[in-house]
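Fold and geometry: a report
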Amino acid sequence: MPKSMVSVTIDGRTIEVEAGSNLVDASFKAGVQIPHYCYHPRLSIVGQCRMCLVKIEGVPKLQTGCTTRIMKDGMVVRIDDQEVRAAQEGMMEFLLINHPLDCPICDQAGECALQDYSFKHGQAFSRFSYEDKRTYPGKERIPLGPNVVLNMNRCIQCTRCVRFTEEISQTGELGFFQRGSRTEIGVFPGKELDNPLSTCVVDICPVGALTSTQFRFAERVWYLDKTPSLCTGCDAGCNITLEHRQGKIRRYKPRTNVEVNDYWMCDFGRTTFLSYEEDRLTTPQQRDAQGRMRAVTWDQALSSVHHFLVDGAAMGTVGIVARGAATTEEAYLLRLLADSLETPHRGVLREPGPVRSIPNLNGGLTGREITPNRRGALLAGLGPAGLGPEDSEASADSATSPGEAEKILGGAVNGAHSVLLIFDGGRAGSDNALSRPAALESLRQAQTVVVLGWASTALTQVADIVLPIATHAETEGTLVNSQHRLQKFERAFLPPSGVRTGVEALSDLVGRLRSDFAAQTVSEVFDLMAGETPSLEGISLAGLPAGGIQLPVPPE
Amino acid sequence: MKETKSALPEDVRNAITELRRHYPTEEALLLPALHFAQKHWGGWLPEEAILGVADELNLAPAKVFGVITFYDLFHQSPVGRHRVRVCTNLSCALRGGNEILEAVKKHLNVAENEVSADGRCSVVGFECLGACEQAPMMMVDDDYHPHLTPDSASKILEELD
Amino acid sequence: MAFEAVLLRRSSGATALEVPVGLKEYRADGGYEGLEKALSVGPEEVIEEVKASGLRGRGGAGFPAAVKWSFLPKSDDKPKYLVCNADESEPGTFKDRLLIETDPHQLIEGCAICCYAVGAHTCYIYIRGEYVRQAEILETAIRQAYDAGVLGDSVLKSGFKLDMRVHRGAGAYICGEETGMLESLEGRRGQPRVKPPFPAIVGAFGAPTVINNVETLCNVPHIMTRGADWFSQIGTDERNTGPKLYCISGHVERPGVYEFPIGVTLDGLLEAAGGVLGGRPLKAFIPGGASAPLLSAEQSHVPMDFDSLAKAGSMLGSAAVVVMDDTTCLVRAVYRLAKFFAHESCGQCTPCREGTNWSQMVLGRIESGNGRPEDPELLLRMTGNMSGTALCALSDACVGPVRSLVQNFRPEIEEHITSGRCPLPYRSVFEKTA
């Protein structure tokens, strides 16, 4: 049922909003922002900070915008008003009198609502000259848990964090203690803030009272470049902003997507970029006759791979296996490779993992696999040969029987496959389907193992040819999450020299097998894929909306 | 976030149980429950009392702690056998309330919120107790003592066990 | 005194826990006839009668009681509640304590009539935690009422069910604020709620709720038995009606609770209370509790009712009159009040949390002789930012005395600042000087 719209005039601009919207939300639509601290669209409205006071025609006292619901046409609101400005200055003054001058050492500087509003709405001088600022001795840097550090002196008592643990994570670790100007947030003595979403309180804290243990003192935010991306920690597909500087990722922050992760992401996801610099493969390698791995050029490596594949194809013993870490476009190229080699032995591994839950307005988002894009691989056709994308999707959610990829790995034991091309995408030292001793043992039986990956792993130790490819931060592409939603991520920075993107490497291989193959860029590969996938008809990579598109969900 | 169960003493649990039919929510039992628990634990709420009440009412410990630290009559550390509250608000101050507080502190040889060496008493200056016609006055445990002088206040304290 | 006590007819101003009036004695004096009358005329009539009486809230806000009652929805889908505000923490106020400890059934009857009028079957009497003995007295009286069939499944055999219970607070002035009280009743920190919605629509446990002060409710039985006309003819005018309890304390010979028709002047009240302590000159007074702006001795002729005091720049509030003689340093007095507000601020909202504390610090500085010339202006600007911006009225309450000090007693502040010391240092009450 469509919601009814009502009109409201803010500083002379009349706009239409859904009946029941509050003034703070409406103000964004009108192109003016009512300053606020305690209000958050997903938390209960408390009207505490008093920063959002505005003047409503016909109402004698200033009213808080967050608690004012627009129910009928004709409300006239003024923000650009002397009385409102005086109130804003007054509130800013009250907040600043006891706030420490920590900006030079505070992580929040540059993304601090106190800084921003004091510049925009505050006064340029202080009248608090002869009194001592309130402090919370001993609480300047207390870890509330493994991921969050509290500096109580900086807190402006907005209680967003407390309400988050009550209402969103529903774990109730944080409370509001004491009374009056002594009020403070904290955990029950002896307990910890330790739930899967705990770092979200750092995101929503308007000031630097709550900081992330991981990001503390890591980087000044104004040096960070921000790239819209996706978290690859599981198949939930949380939208993120990948923040980086000069080729080093500094932080993941959730990027709002109401259909997917809403405003949130989990603590684990925030750690997943940390391994992107460890044990990087920086050059193609090939095992020589003596069994030693030697650095080779890309041409040498690709040429060798090409020959091994062709030979293996002739004997009918080529297998192509991908972990669900491959992007949809990389998976599509793997499938083209398999088609060109006319091998039925291709597949993507299914790797269940810990359940990760992200609350949203539609019953929540869940990740159950440790790789982000198995469904994307199936969409690209890397499922069992002869299955179209929709049927592949249907098999995506069936849990029990080993898939084709598992069978291929198992078959390697019996020597059924002479050449195995494996797309890894795993972190050094991580536990996954291709790192376990049993899998590695079976791989040793195959004649030739080619691995595409970005880290030196147990798998690359047993490979015959290793092709170093880019992490997802160093390329662009799409992933399909547990909701069957296709989402894109952009490239943050170029891969290190010597490393190529998966699309570059695989396009080259496909091109050696098919003279008619011309796609080079990710976008071109996407177009090819879209051309043969009904649910992607008419969509291009550039045209893909920032929030992704929902693909048809296969029936149970 | 289920922790190990902290069981309240039976008399406290029974008192809380008896109250359940008078309130529509468990949460509403919190202040009465804390009063019962504090009485049982001799005037203050140690950690086991707090966790016990939290467990009994199925509330997060942080929430219970938030309530305790909000109110002046709930104590997180021992207050001695007797809690002395001397009113120092305006009407009592005009009639010597601050002098009474100083006299009491001197008599017990304590600073505010400190328990006397013999464990008998702690004292604090307090806000208006609603007995301004009795100024200056103080509250010792549950009773008001009106029209004090420094000497009469000391005498009252001396007679406490 | 020509005026015959109404609320204190059985109390005789007695204090310090004499034996309270029991149910039998109460009934013998005509008690619970008001409830019987109410049950016989019906709820709408009761509301009309109380409306016609002009009874305004005696807790501090002065809102017409029956108008508040009429805000409750008539539908039955949610239970309704009466929460009696016995939190009495406004400095200088002790009338509710006296009413409860001397004549508890008067309150019980008033609560019962109100509950019947609005359709509430549950009444909580929220009494401040420090009133331990008073809570016990009330609980005993309630038990007597249950035993006598005044409370329970069928009030006075009418079929109207009513349960009443005493709920103790735990020491927080802000729980005297309506929605702070509701939060506390529901088991939370006593932090006032955003309004709207108002308690009449969303109150205790999400249900329509009336909240009335003890004294307000104690008037109701008398309105029922003697009529709205009788009530409304007492007092100053049709907007300021009925008998009023005045608490007088501070520098006065006989501090206590005195009952007058609403609108007695300070002169009249002082006369009844024996005059300023020791016959000293009156310097200033607070007419209505710590939130009321200070008035100078020149205003001792102002009728102390809601409207006259408002016109004079102050407020009746809880009618807690605090008398200050010429030995009183008003800066120190207001500093102590600011300290009170800072201690009692719940801490939720910015202007109150920070402003009460800041004003306390500035006044403390001035009082100790470290004031600066810009301080009076600073206090005015600060209190200006605290008025009308906060979530509840505590912020405005602190503004009352602080602003009045600067506006009406500026020379006293200036003297502190220019001389660098307090011109009226504290003089011991107990040490006898030669």
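Each chain has its residues counted from 1, running along the sequence as written. Starting at A for chains and at 1 for ligands, labels are handed out in the order in which the entities are written. Confidence filtering applies because this is a predicted model: local features only for residues at pLDDT of at least 70, side-chain atom pairs given and counted only at 80 or more, and all residues used for totals across whole chains, interfaces and linings.

**Concerning the overall build of chain B**
Helix and strand definitions here come from DSSP, where helices need a minimum of 4 consecutive H or I residues and strands a minimum of 2 consecutive E residues; each element is numbered from the N-terminal end. The helix and strand tally for chain B stands at 7 helices and 4 strands. Ordered by position in the sequence, the α and β elements of chain B form the string α-α-α-α-β-α-α-β-β-β-α. On the principal axes, the C-alpha backbone points of chain B span a range of 50 × 30 × 25 Å. The burial criterion counts other C-beta atoms lying within 10 Å of a residue's C-beta, which is placed from the backbone; the residue is buried at 20 or more, exposed at 12 or fewer, and partly exposed between these limits. For chain B, the proportion of its 161 residues judged to be buried stands at 55%. We call two residues in contact when their backbone-placed C-beta atoms lie within 7 Å. Here the contacts in chain B between residues at least 6 apart in sequence split such that 59% fall between residues at least 24 apart.

**Overview of the overall build of chain A**
Counting its regular elements, chain A contains 15 helices and 25 strands. Taken over the C-alpha atoms alone, chain A extends approximately 85 × 55 × 40 Å along its principal axes. Taking contacts inside chain A between residues at least 6 apart in sequence as the whole, the part at least 24 apart equals 65%.

**Comments concerning the sheet that holds strand β2 (residues 13-18) of chain A**
Strand pairing in a sheet relies on backbone hydrogen bonds, with the paired strands running either antiparallel or parallel. Residue and element names in this part refer to chain A. Only strands that DSSP links by at least two bridges are regarded as paired with each other. Ordered by their spatial adjacency, 5 strands build an open sheet running β2-β1-β5-β3-β4, and the pairing between neighbours is mixed. One side of each edge strand has no neighbouring strand; the edge strands of this open sheet are β2 and β4 (63-64). Note on geometry: axes are lines fitted to C-alpha atoms, helical ones only across the stretch in contact, with angles between N-to-C directions running from 0 to 180 degrees. Lying over the sheet, helix α2 (residues 82-97) contacts β3 (53-56) and β5 (75-78), oriented at roughly 165° with respect to β3.

**Some details on the domain arrangement of chain B**
The domains assigned to chain B are domain 1 (10-70) and domain 2 (82-158). Segment limits for the domains were obtained from an automatic or database-derived domain assignment. For domain 1 of chain B versus domain 2 of chain B, the separation of C-alpha centres amounts to 28 Å.

**Notes on the packing of helix α14 (residues 350-367) of chain C against helix α15 (residues 375-386) of chain C**
Residues and elements named next belong to chain C. Closest axis-to-axis distance for the α14/α15 pair is 10 Å, and the angle between their directions is 165°. In terms of orientation, α14 lies roughly antiparallel with respect to α15. Crossing of α14 over α15 shows left-handed handedness. Contacts between α14 and α15 involve Pro351, Cys352, Gly355, Trp358, Ser359, Val362 and Ile366 from the former and Asp375, Leu378, Leu379, Met382, Thr383, Asn385 and Met386 from the latter. Here the residues of the contact of α14 with α15 sort into 9 nonpolar, 4 polar and 1 charged. Here roughly perpendicular refers to angles of 65 to 115 degrees, roughly parallel to angles under 35, roughly antiparallel to angles over 145, and oblique to all remaining angles. By the definition used in this description, the sense in which the near helix is turned from the far one sets the handedness, with an anticlockwise turn below a right angle giving left-handed and a clockwise turn giving right-handed. Residues were grouped as follows: Ala, Val, Leu, Ile, Met, Phe, Trp, Tyr, Cys and Pro as nonpolar; Asp, Glu, Lys and Arg as charged; and all remaining residues, including Gly, as polar.

**Quick word on the interface of chain C and chain B**
At the junction of the two partners, chain C supplies 47 residues and chain B supplies 39 residues. Of all the elements in the fold, those that place two or more residues in the side of chain C that touches chain B are α7 (132-147), β3 (163-168), α8 (178-185), β7 (243-250), β11 (320-325) and α13 (330-344) of chain C. With 6 residues, α13 of chain C is the single largest residue contributor to the side of chain C that touches chain B. Considered class by class, the residues forming the side of chain C that touches chain B number 20 nonpolar, 16 polar and 11 charged.

**Re helix α7 (residues 298-315) of chain A**
All names here are of chain A. The length a helix should cover is 1.5 Å for every residue beyond the first. Taking 1.5 Å per residue as the helical rise, α7 with its 18 residues ought to reach 26 Å, and the 26 Å between its terminal C-alpha atoms agrees with that figure. For α7, the complete set of buried residues consists of Ala301, Leu302, Val305, Phe308, Leu309 and Gly312. Down the axis, α7 shows its buried residues gathered within 130° of arc, on one side only. Opposite the packed face of α7, turned more than 90 degrees from it, sit the exposed residues Asp299 and Ala314. The inward-facing, buried residues of α7 contact β14 (285-287), β16 (318-322), β20 (419-423), β21 (448-453), β22 (465-468) and α14 (502-513). Two residues or fewer after α7 comes Gly316, characterised by a positive phi angle close to 75°. By definition, the arc is the one covered by directions from the helix axis to the C-beta atoms.

**Concerning the pairing of β22 of chain A**
Two faces make up the sheet, and in a regular strand the side chains alternate between them. Residues and elements named next belong to chain A. Residues Ile465 and Leu467 of β22 are buried on one face, and the alternating residues Val466 and Pro468, pointing to the opposite face, are buried as well. By the bridge criterion, 4 bridges tie β21 to β22 in an arrangement that is parallel. From the neighbouring strand, Leu452 faces β22, where its bridge partner is Leu467.

**Considering the sheet that holds strand β11 (residues 225-230) of chain A**
All names here are of chain A. Read across the open sheet, the 3 strands follow the order β11-β12-β13; overall the sheet is antiparallel. With partners counted over all chains shown, the strands left at the sheet margins are β11 and β13 (248-254), one partner each. Between one strand axis and the next, the sheet turns through 30° on average, direction left out of account.

**Thoughts on the nonpolar core**
Residues Leu334 of chain A together with Val83, Cys111, Cys114, Tyr246 and Val321 of chain C are the most contacted members of the largest nonpolar core, which totals 348 residues. Setting aside its immediate chain neighbours within four residues, Val83 of chain C contacts Tyr124, Tyr126, Met181, Leu182, Leu185, Ala204, Thr209 and Ile211 of chain C. Each nonpolar core comprises buried Ala, Val, Leu, Ile, Met, Phe, Trp, Tyr and Cys residues, the members being joined through C-beta atoms within 7 Å.

**Brief notes about the interface of chain A and chain C**
Contacts between chain A and chain C engage 25 residues on the former and 26 residues on the latter. Per-element accounting of the side of chain A that touches chain C gives the leading share, 6 residues, to α2 of chain A. Classifying every residue of the side of chain A that touches chain C by side-chain character gives 11 nonpolar, 9 polar and 5 charged.

**So, the domain arrangement of chain A**
The parts lose accessible area when they come together, and the size of an interface is often stated as this lost area. All names here are of chain A. Each assigned domain of chain A is listed here: domain 1 (5-80), domain 2 (100-111 + 130-277) and domain 3 (285-550). Spacing between the C-alpha centres of domain 2 and domain 3 amounts to 35 Å. Taken residue by residue, the interface counts 30 residues in domain 2 and 34 residues in domain 3. Mapped by element, the contributors of at least two residues to the side of domain 2 that touches domain 3 are β11 and β12 (239-245).

**Points about unusual backbone geometry**
Following Ala135 of chain B, the chain continues into Pro136 of chain B via a peptide bond in cis, with omega recorded as -10°. Locating Pro136 of chain B in the fold gives a position in the loop between β2 (121-126) and β3 (138-140). In this structure, the amide linkage connecting Lys195 of chain C to the following residue, Pro196 of chain C, adopts the cis form with an omega of 0°. Looking at the secondary structure, you find Pro196 of chain C in the loop between α8 and β4 (209-213). In this model, Asp11 of chain A sits at a positive phi of 50°, which is unusual for a non-glycine residue. Inspection of the secondary structure assignment puts Asp11 of chain A in the loop between β1 (5-10) and β2. According to the C-beta neighbour criterion, Asp11 of chain A is partly exposed, with 15 such atoms within 10 Å.

**Structural notes on helix α6 (residues 104-118) of chain C**
Residues and elements named next belong to chain C. Taking 1.5 Å per residue as the helical rise, α6 with its 15 residues ought to reach 21 Å, and the 22 Å between its terminal C-alpha atoms agrees with that figure. Counting buried positions along α6 gives 15 out of 15 residues, so the element sits mostly inside the fold. Just downstream of α6 lies Gly119, where phi reads positive at about 80°.

**With respect to the packing of α6 of chain C against helix α9 (residues 214-226) of chain C**
When two helices pack together, their arrangement is captured by the angle between the axes and the distance separating the axes. Residue and element names in this part refer to chain C. Remark: α6 packs on α9, axes separated minimally by 7 Å, with the N-to-C direction vectors making an angle of 75°. Between α6 and α9, the crossing angle belongs to the class labelled roughly perpendicular. On α9, the residues touching Gln106, Leu107, Glu109, Gly110, Cys111, Ile113 and Cys114 of α6 are Val214, Leu217, Cys218, Asn219, Val220, Pro221 and Met224. For the contact of α6 with α9, a count of residues per class yields 10 nonpolar, 3 polar and 1 charged.

**What to know about the pairing of strand β24 (residues 485-489) of chain A**
Residues and elements named next belong to chain A. The buried count for β24 comes to 5 of 5 residues, which makes it a mostly enclosed element. Where burial is concerned, the two faces of β24 agree: the one with Arg485, Gln487 and Phe489 and the one with Leu486 and Lys488 are both buried. Hairpin connection of strand β23 (residues 477-480) to β24: 4 residues between the antiparallel strands, including His484 at a positive phi of 65°. As judged from the 2 bridges shared by β24 and strand β25 (residues 549-550), these two strands associate in the antiparallel manner. Bridge pairing in β25 places Leu486 opposite Ile549.

**What to know about the environment of Thr236 of chain C**
Residue and element names in this part refer to chain C. If you trace the backbone, Thr236 turns up in strand β5 (residues 235-237). Owing to 17 C-beta atoms within 10 Å, Thr236 belongs among the partly exposed residues under this scheme. Along the sequence, Thr236 and Val132 sit 104 residues apart, while their C-alpha atoms lie 36 Å from each other. Residues in contact with Thr236, not counting those within four places in the same chain, are Ile262, Gly263, Pro303, Asp305 and Ser308.

**Section: the environment of His121 of chain A**
Here His121 of chain A is to be found in helix α3 (residues 113-121). On a C-alpha basis, the gap between His121 of chain A and Arg85 of chain A in space is 6.9 Å, while along the polypeptide they are 36 residues apart.

**A closer look at the environment of Val362 of chain C**
Residue and element names in this part refer to chain C. Within the fold, Val362 resides in helix α14. Taking the number of C-beta atoms within 10 Å as the measure of exposure, Val362 has 25 and is therefore buried. Sequence separation between Val362 and Tyr335 is 27 residues; the distance between their C-alpha atoms is 8.6 Å.

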